[in-house]
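Observations on the model geometry
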Amino acid sequence: MVISTELNTILPRLMKTVDEKLGFFTNHVLISIVIICAVSFILRLYFFEPEIPIRQDANAYFEYAMDMSILKNIPHSEHANDGWPIFLSIFFGIFNFNSYQDYTTLQRIVSIVISTLTIIPVYFLCRRFFDRSFSVVGASLFAFEPHIIQNSLLGITEPLYLFLAVSSLSLFLSKNQKLFYGSFAVTALATIVRAEGITILVILLVTFFVNNRKEKKTIGKIFLAIVIFSAVFVPMMIIKIQTSSGVSSSSLNHIASFSYGSVVDPENNSVNFSNLLKAVETMVKRLGQSMIPYFAFFVPFGIVLLFKNRNKENNLIIISLLVYSLVAIRMFFVAGDLRLIFFLYPLFIILSLQTIRHIGDNTEFKRIFLIGVIGSILLLSWFFLYSNTEYDYEKEVIRFANYMVNNVKVSNNFYPESGYIYGVWASSNLKFPVLSSDAEYVGPQLLDYVKGTNYVYLAQSANSVEEYIRLAKDQNLSHLVIDDNEKRPTYFKDIFYHEEKYPYLIKEFDSAKEGYRHYNVKVFKIDYEYFDSKLKDN
């Protein structure tokens, strides 16, 4: 009883002492941010595997950046987003490597560094809403977000886009007029990096109008903001038109044309509600996915608090959520990637801090609570990354890519696993630096679309293996690559589990017989003589 009484006396005193000592970190924000950046950078490096090649879009950015570093000007390119490879070309021009892997490792390191540095504008964005201690927590929410960390390892556009997007939001909320107008110049840079940046311009203009609609000079200020945006964005668009295929190379044009084909039914020129519902469903799934592992604890209640405490700053968050969600639905017509909603992460952070502040302000030992939140975020992030990292699987996929490069000429595309093939081919066949026009790809051709159509997918057009082969035969399809990925068409799955039903497919590779333990894949050569005779019999 005496011991219990003493503990009840000592423990609060000890907690108070610890809480006061932790005040060092809230009073020295620079040190706290440096520590968070360092831990975040180390966490990214821990999950970084330079032996694994970059894929798909990352290779397109790599070629663009390599060409620009050699030519010293913007190259001819059909690629939509120019900002990231232009920025990357600066680093390619500084370093002189002779291998594909060295350059792509540099590409990914630059991406990692930018993602880590984004912690700083995230902190300043949080400061527009919260005091220093909660803003440090906000910086941690971004620093350790596992989806952001995974994306930063890929060497693609999102890290630079997020750095600019968050910076533009932070500058927009500044009371300094120069910084306020500077936000529109930064927004233009974000739009050059990714086309969705134009949405940020709409968000800023709508927010400014809502917050200042009663002032006489509002329209004039909006006009000036548009002029500043145009002064940065239009020259780049003109250069793009001059060096490429005109307006058709614009990322905005690509998104519009793809989306129109998905939204509108070409037969009666009406809205395709089936695709619309599918896009909404995909967006809802991705929003739910984005909340894992820790935003789900904070964001829902944060939304309630946001509407409960309306002010000019909160209007930016509300309008951003509404406008970007509508735009995201349109984008999800085209693709289902989680990265399409990465712009919402800074908004999730503000919403989360609403909840954390509500709890923290009612906690006796506020600093201990906040350190506990940061520690929990770090642990949840590490566990998520560790649980979702499949390096053994990816290494076997790369091993299989080597087989493809040496044994197959034309096959079906089996993305995402097929995404490593170009990197494997380039690593063994090219000496860098080299222009993309001089680096003629002679690796396996991976078929996606029906010949002579405008992005009509083979896999979706066929209802059977026979129909797929007929549709792809005139593109010299020689092999079928069949793995156990659950997202493959049903008729491909049937081949994997019932290959004996397809006597015109000659199995040339089976991962189970090659000692693979993680990636299950088979390769079949098409016996067209047998296949054609079978069709005649039927």
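Quick note: structure is the one above.
Report follows, based on the coordinates. Just so we're clear, the structure is a prediction, and the values are computed from it rather than from any experiment. (Residues numbered from 1 in each chain as written. Predicted model: local features only at pLDDT ≥ 70, side-chain atom pairs only at ≥ 80, totals over all residues. Heavy atoms only, no water.)

**Regarding the overall build of the chain**
What counts here: In DSSP terms, a helix is any run of H or I states spanning at least four residues, a strand is any run of E spanning at least two, and both are numbered starting from the N terminus. Each residue is assigned to one of three classes by its accessible area relative to the maximum for its type, calculated with a 1.4 Å probe on protein chains only: buried under 20%, partly exposed between the two thresholds, exposed over 50%. Every residue pair with non-hydrogen atoms within 4.5 Å of one another is taken to be in contact. Using a 1.4 Å probe, accessible areas were evaluated by the Shrake-Rupley method; residue-level cover was limited to the displayed protein chains.
For the chain, the count of helices and strands is 25 helices and seven strands. Here the chain holds 538 residues, and the buried ones make up 50% of them. By sequence separation, contacts in the chain at least 24 residues apart represent 72% of the contacts at least 6 residues apart. As displayed, the chain offers around 26,300 Å² of accessible surface, 60% of which is attributable to carbon and sulfur atoms.

**Remarks on the pattern of salt bridges**
Quick note on the threshold: Salt bridges are identified by distance alone: a Lys or Arg side-chain nitrogen within 4 Å of an Asp or Glu carboxyl oxygen.
For the structure shown, the criterion picks out 11 salt bridges. Put simply, lysine 473 and aspartate 532 hold a salt bridge, and the shortest N to O gap is 3.2 Å. Of this pair, lysine 473 sits in the loop between helix 23 (465–472) and strand 5 (479–483) while aspartate 532 sits in helix 25 (residues 528–537), placing them 59 residues apart in sequence. By relative accessible area, lysine 473 is classed as partly exposed at 36%. A relative accessible area of 28% places aspartate 532 in the partly exposed class. Between lysine 522 and glutamate 499 there is a salt bridge; the shortest N-O distance is 2.8 Å. Taken together, the residues span a long stretch of sequence, with lysine 522 in strand 7 (residues 521–526) and glutamate 499 in the loop between helix 24 (490–497) and strand 6 (505–510) at a distance of 23 residues.

**Examining the packing of aromatic side chains**
Going by this rule: Pairing of aromatic rings covers Phe, Tyr and Trp, the last counted by its six-membered ring, and requires centre-to-centre distances within 6.5 Å; plane angles under 30 degrees mean stacked, over 60 mean edge-to-face, and any other angle means tilted.
For the structure shown, the criterion picks out 46 aromatic pairs. For the pair tyrosine 403 and phenylalanine 509, a centre-to-centre distance of 4.5 Å together with 35° between the ring planes defines the contact as tilted. Taken as a pair, tyrosine 403 in helix 20 (residues 391–407) and phenylalanine 509 in strand 6 lie far apart in primary sequence, 106 residues in all. Take phenylalanine 509: its relative accessible area is 6%, and that puts it in the buried class.

**Section: the layout of surface pockets**
For the record, the criterion: Grid points spaced at 1 Å and placed over the protein atoms alone form the basis of the search, with a cavity being a set where a 1.4 Å probe fits but cannot get out and a pocket an open set showing protein on both sides within 12 Å along at least five of seven lines. Lining residues have an atom within 4 Å of a point. Grid points are joined across faces, edges and corners, and a volume is the space filled by probe spheres set on the points. Three classes are used, and their members are as follows: Ala, Val, Leu, Ile, Met, Phe, Trp, Tyr, Cys and Pro are nonpolar, Asp, Glu, Lys and Arg are charged, and the others, Gly among them, are polar.
In this structure, the second largest pocket occupies an estimated 450 Å³ of space. Surrounding the second largest pocket, 16 residues form its lining, Phe172, Leu173, Ser174, Lys175 and Phe180 being those nearest its centre. Elements supplying a minimum of two residues to the lining of the second largest pocket: helix 11 (177–193), helix 12 (197–212) and helix 17 (312–331). For the lining of the second largest pocket, the class distribution of residues is five nonpolar, five polar and six charged.

**A word on the packing of helix 8 (residues 132–143) against helix 19 (residues 366–387)**
Basically, it comes down to this: Helix axes use the C-alpha atoms of the stretch in contact, all axes being lines fitted to C-alpha atoms, and the angles between their N-to-C directions lie in the range 0 to 180 degrees. Throughout, the term roughly parallel applies to angles under 35 degrees, roughly antiparallel to angles over 145, roughly perpendicular to angles from 65 to 115, and oblique to all others.
In contact at an axis separation of 10 Å, helix 8 and helix 19 are set at 5° when each is read in the N-to-C sense. In terms of orientation, helix 8 and helix 19 fall into the roughly parallel class. For the pair formed by helix 8 and helix 19, the contact residues are Ser133, Phe134, Val136, Val137, Ser140 and Leu141 on the first element and Lys366, Leu370, Val373, Ile374 and Ile377 on the second. Taken together, the residues of the contact of helix 8 with helix 19 sort by class into eight nonpolar, two polar and one charged.

**Structural notes on the pairing of strand 5**
Two faces belong to every sheet, and in a regular strand the side chains alternate between them. So the rule is basically this: Two strands are counted as paired when DSSP detects at least two bridges linking them.
Counted residue by residue, strand 5 has five buried out of five residues, so it is predominantly covered. The alternating pattern of strand 5 places His479, Val481 and Asp483 and Leu480 and Ile482 on opposite faces, both of which are buried. Bridge count between strand 5 and strand 7: five bridges; the pairing is antiparallel. Each bridged residue has a counterpart across the sheet, and for histidine 479 the counterpart in strand 7 is lysine 525.

**Quick look at the nonpolar core**
Going by this rule: As used here, the term nonpolar core means buried Ala, Val, Leu, Ile, Met, Phe, Trp, Tyr and Cys residues forming a set that is joined through side-chain atoms within 4.5 Å.
Residues Phe295, Phe343, Ile356 and Phe400 are the most contacted members of the largest nonpolar core, which totals 139 residues. Considering every element that reaches this core, the biggest residue donor is helix 17, with 10 residues. When neighbours within four sequence positions are excluded, phenylalanine 343 is seen to be in contact with Tyr161, Leu162, Ala165, Leu169, Ile200, Ile203 and Tyr324. Val450, Tyr468, Ile469 and Tyr491 belong to the second-largest nonpolar core, a separate cluster that totals 23 residues.

**Looking at the side chain of glutamate 417**
Summarising the element assignment, glutamate 417 is placed in the loop between strand 3 (410–412) and helix 21 (421–429). Ignoring sequence-local partners within four residues, the contact set of glutamate 417 consists of Tyr393, Val397, Asp483, Asn485, Arg488 and Tyr519.

**Re helix 10 (residues 158–172)**
Given 3.6 residues to a turn, an α-helix orients residues that are three or four positions apart in the same direction. Going by this rule: To estimate how far a helix should extend, the number of its residues minus one is multiplied by 1.5 Å.
For helix 10, spanning 15 residues, the distance from its first C-alpha to its last is 21 Å, which sits close to the expected 21 Å at 1.5 Å a residue. Where burial is concerned, most of helix 10 is hidden: 14 out of the 15 residues are buried.

**Observations regarding the side chain of asparagine 211**
To keep things clear, this is the line we draw: Each polar contact in these results corresponds to two N or O atoms within 3.5 Å; when the atoms are within protein, one needs to be able to donate a hydrogen and the other to accept it, and residues that are neighboring in sequence are counted only if both atoms are side-chain atoms.
With respect to the helices, strands and loops of the structure, asparagine 211 is situated in helix 12. For asparagine 211, a relative accessible area of 17% puts it in the buried group. Here the side chain of asparagine 211 touches asparagine 315 through a polar contact of 2.8 Å, side chain to side chain. Once residues within four sequence positions are removed from consideration, asparagine 211 is found in contact with Lys312 and Asn315.

**Let's talk about a nonpolar patch on the surface**
So the rule is basically this: By definition, no residue in a patch forms a salt bridge, and every one has over 30% relative accessible area; like charges are joined within 9 Å, nonpolar side chains (Val, Leu, Ile, Met, Phe, Trp, Tyr) within 5 Å.
There is a patch of nonpolar side chains on the surface, built from Tyr46, Trp382, Phe383 and Tyr386 and spanning about 500 Å² of accessible area. Structurally, the position occupied by phenylalanine 383 is in helix 19. Assessed through its relative accessible area of 55%, phenylalanine 383 is described here as exposed.

**Quick notes on unusual backbone geometry**
With the exception of glycine, most residues fall at negative phi, and the peptide bonds are largely trans. Looking along the chain, the bond that leaves tyrosine 415 and enters proline 416 is cis, with omega of 10°. In this structure, the amide linkage connecting phenylalanine 432 to the following residue, proline 433, adopts the cis form with an omega of 0°. Tracing the chain through its elements places proline 433 in the loop between helix 21 and strand 4 (445–447). Backbone geometry at lysine 72 places phi at a positive 65°, although glycine is not the residue there. On the secondary structure map, lysine 72 appears in the loop between helix 4 (57–71) and helix 5 (83–94).

**Section: the environment of arginine 367**
Take arginine 367: it is sitting in helix 19. Look at arginine 367 and you get partly exposed, because its relative accessible area is 30%. Along the chain, arginine 367 and serine 133 lie 234 residues apart, while their C-alpha atoms are 8.0 Å from each other.

**As for the packing of helix 18 (residues 345–360) against helix 19**
Under the convention used in this document: Working rule for handedness: look at the near helix, and if it is turned counterclockwise from the far one by less than a right angle, call the crossing left-handed; if clockwise, right-handed.
Interaxial distance between helix 18 and helix 19 falls to 10 Å at its minimum, and their mutual angle equals 145°. Seen from above, helix 18 lies across helix 19 with right-handed handedness. Contact with helix 18, carried on its side by Ile356, Ile359 and Gly360, involves Lys366, Phe369, Leu370 and Val373 of helix 19 and no other residues of that element. Residues belonging to the contact of helix 18 with helix 19 are distributed by class as follows: five nonpolar, one polar and one charged.

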